[in-house]
Amino acid sequence: MADTITLSKPVADFHVHVRDGDMMKLVVPTIKLGGVSVAYIMPNLVPPLTSVPDVLGYKSRLEAVDQSITYVMTLYLSPSITPDIIHDAAKAGITGVKCYPAGVTTNSEHGVASYVPYYPTFAAMEEEDMVLNLHGECPSAGHIHLLNAEEEFLPTLKDIHARFPKLRIVLEHCTSAAAIQAVKDCGPTVAATITAHHLFLTIDNWAGNSFNYCKPVAKFPADKQALLDAATSGDPKFFFGSDSAPHPIVNKEKGKGAAAGVFTQTHAAAYVAEAFDQLGKLDRIEAFLCDFGRQFYKTREKKAEWSVVLKKEQNVVPPLLGKGASAVVPFKAGEKLNWKVEIVGL
């Protein structure tokens, strides 16, 4: 395989967190640095994006920072997301609705306790051909804990799919062999995103290291191998969603209550190239990074006036993005990568 890969189109990242305010201004410029021109934007701000005007206002703020990126927007599933709101959202060009089980991850306090009340909303989404994005975990309680919360959620995925077979559903940031198999077992309207960091991490990498801690947590070596196998398989059900999640360093360094999230945006495509190269599967990287997600989402996008080249060239991930207590620590900070992203045409 050549040491230079010129992608036919920039990367499409179908799971992006860029926050708001000063953090947004810091992070949005890094989308392009990672090779990405299409960013599927998560709605779990404070407060969450639960109305069409909220989403459109946020999109305008993102475009004020970098208007060359195609921002694909989502609503936050909550009681206010009625079928009428879904119809209005579809007319406004909003693509999806993100479902967070209550309390399982960052800014999910307003999330879902039961899915039954949302069946009319899901029916409207099916009618409008919108996408339901599922954070696939059950809250910890009784026999449910960090390591089995995703697997315990999978019957819910299958139940929603059975009730709404034409509804496009994405199981976000899969972390387990069980999740990969569940997506395979479902019909063609169900797909999944896989992050860059989960191609590297297992439980040993985040237990004791809060900078590798995210939700869902990375699990066992066999689970990581299942993710690698799926990402490099050429199966269009599996495509890239970085779940890049910036947090100020002070919130990651807490001895108790460290924020969940791994920040990968600056080197997104390079991390994936590193993982694919280790398996000798670089011939599959463009489909995973660029093609399958666009196909599933039927993406309409701005024409990128720049292109992406992946080069096999050693470089060191910087220790920080930004300065002071609000700085963000990137994934593999201070470590050498064998691949880098080069943006051509700017």
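Remember, it's a predicted structure, so these values are computed and weren't measured experimentally.

Colleague: Is there a simple way to explain the packing of helix α6 (residues 149-163) against helix α7 (residues 177-185) in this structure?
Modeller: Packed helix pairs are characterised by how far apart their axes lie and by the angle those axes make with each other. Where α6 meets α7, the closest approach of the two axes is 9 Å, and the angle between their N-to-C directions is 10°. With respect to α7, the element α6 is oriented roughly parallel. Every residue of α7 that contacts α6 at Glu 150, Glu 151, Leu 154, Leu 157 and Lys 158 is listed here: Ala 178, Ala 179, Ala 182 and Asp 185.

Colleague: Can you walk me through the sheet that holds strand β2 (residues 11-16) in this structure?
Modeller: What holds strands together in a sheet is hydrogen bonding between their backbones, with the strands either parallel or antiparallel. Taken together, 3 strands build an open sheet; the order of strands is β2-β3-β4 and the sheet is parallel. The open sheet has two free edges, formed respectively by β2 and β4 (70-72), since each of these has just one partner strand. With direction set aside, neighbouring strand axes in the sheet form an average angle of 20°. Looking at chain direction, β2 and strand β3 (residues 36-41) are connected through 4 bridges and run parallel. Bridging from a neighbouring strand, Asp 13 pairs with Ala 39 of β3.

Colleague: Please clarify how the layout of surface pockets should be interpreted in this entry.
Modeller: Left-over empty space is what a probe sized like a water molecule reveals as it rolls over the atoms. Its volume calculated, the largest pocket comes out at about 500 Å³. If you go around the largest pocket, you meet 23 residues; those closest to its centre are Val 72, Gly 93, Ile 94, Thr 95 and Arg 300. Going through the elements one at a time, α3 (52-65) and β4 are the ones with two or more residues in the lining of the largest pocket. In terms of residue class, the lining of the largest pocket is made up of 10 nonpolar, 4 polar and 9 charged. Of the voids in this model, the second largest pocket is the one considered here, and its volume is about 170 Å³. Residue classes in the lining of the second largest pocket are distributed as 7 nonpolar, 2 polar and 2 charged.

Colleague: What is the right way to read the nonpolar core from this model?
Modeller: One recurring pattern in soluble globular proteins: nonpolar side chains tend to sit buried together. Counting 102 residues, the largest nonpolar core has Phe 122, Leu 157 and Leu 310 as the members making the most contacts within it. Within the second largest apolar cluster, 15 residues are counted, among which are Phe 14, Tyr 76, Phe 292 and Tyr 297.

Colleague: Whenever I open this one, the sheet that holds strand β1 (residues 4-6) confuses me. Can you help?
Modeller: The strand order β1-β11-β12 describes an open sheet built from 3 strands, whose pairing is antiparallel. Edge positions in the sheet fall to β1 and β12 (336-344), since each of these pairs with one other strand and no more. Geometrically, the sheet is characterised by an average inter-axis angle of 30° between neighbouring strands, direction not taken into account. As paired strands, strand β11 (residues 307-316) and β12 are joined by 8 bridges and run antiparallel to one another. Opposite Leu 310, over in β12, you have Val 341 as the bridge partner. Contacts from helix α11 (residues 268-278) reach β11 and β12, with the element oriented near 130° to β12.

Colleague: Looking at this structure, I do not really get the pattern of salt bridges. What am I missing?
Modeller: Oppositely charged side chains can pair when the atoms bearing their charge come close. On inspection of all chains with the given rule, the structure shows 14 salt bridges. Here Lys 312 makes a salt bridge to Asp 277, at a shortest N to O gap of 2.9 Å. Remark: Asp 277 occurs in helix α11 and Lys 312 occurs in strand β11; sequence separation between them is 35 residues. When the shortest N-O distance is used, the salt bridge between Glu 342 and Lys 311 registers 3.1 Å. Separated by 31 residues along the polypeptide, Glu 342 in strand β12 and Lys 311 in strand β11 bring together distant segments of the chain. Each of Asp 129, Arg 168 and Lys 298 takes part in one network of salt bridges that share partners.

Colleague: Is there a simple way to explain the side chain of His 135 in this structure?
Modeller: Inspection of the secondary structure puts His 135 in the loop between β7 (131-134) and α6. At 2.7 Å, the side chain of His 135 and the side chain of Glu 137 are in polar contact. Polar side-chain contacts of His 135 include one of 3.4 Å to the side chain of His 173. Filtering out sequence-adjacent residues up to four positions away, His 135 remains in contact with Lys 98, Cys 99, Tyr 100, Pro 101, Val 104, Thr 105, Phe 153, His 173, Lys 215 and Pro 216.

Colleague: Help me understand unusual backbone geometry in this model?
Modeller: It is generally the case that most residues other than glycine have a negative phi and that most peptide bonds are trans. With an omega of -5°, the peptide bond between Val 46 and Pro 47 qualifies as cis. Note that Pro 47 resides in the loop between β3 and α3. The linkage connecting Lys 215 with the following residue, Pro 216, adopts the cis geometry, with an omega of -5°. Assignment of secondary structure puts Pro 216 in the loop between α8 (203-206) and α9 (221-231). Look at His 173: it is not a glycine, yet its phi comes out positive at around 40°. Within the secondary structure, His 173 sits in the loop between β8 (168-171) and α7.

Criteria and cut-off values
Residues numbered from 1 in each chain as written. Predicted model: local features only at pLDDT ≥ 70, side-chain atom pairs only at ≥ 80, totals over all residues. Heavy atoms only, no water. Axes fitted to C-alpha atoms, helices over the stretch in contact; angles between N-to-C directions. Helix = DSSP H or I, 4+ residues; strand = E, 2+ residues; numbered from the N terminus. Parallel < 35°, antiparallel > 145°, perpendicular 65-115°, else oblique. Contact = heavy atoms within 4.5 Å. Pairing = 2+ DSSP bridges. 1 Å grid on protein atoms, 1.4 Å probe; cavity = no way out; pocket = protein on both sides within 12 Å on 5 of 7 lines; lining within 4 Å. Points joined across faces, edges and corners; volume = space filled by probe spheres on them. Nonpolar A, V, L, I, M, F, W, Y, C, P; charged D, E, K, R; others polar. Core = buried A, V, L, I, M, F, W, Y, C linked by side-chain atoms within 4.5 Å. Buried < 20%, exposed > 50% of the residue type's maximum accessible area, 1.4 Å probe, protein only. Salt bridge = Lys/Arg side-chain N within 4 Å of Asp/Glu carboxyl O. Polar contact = N/O pair within 3.5 Å; in protein donor to acceptor, adjacent residues only side chain to side chain.

Function cannot be read off these values alone, since they describe shape.
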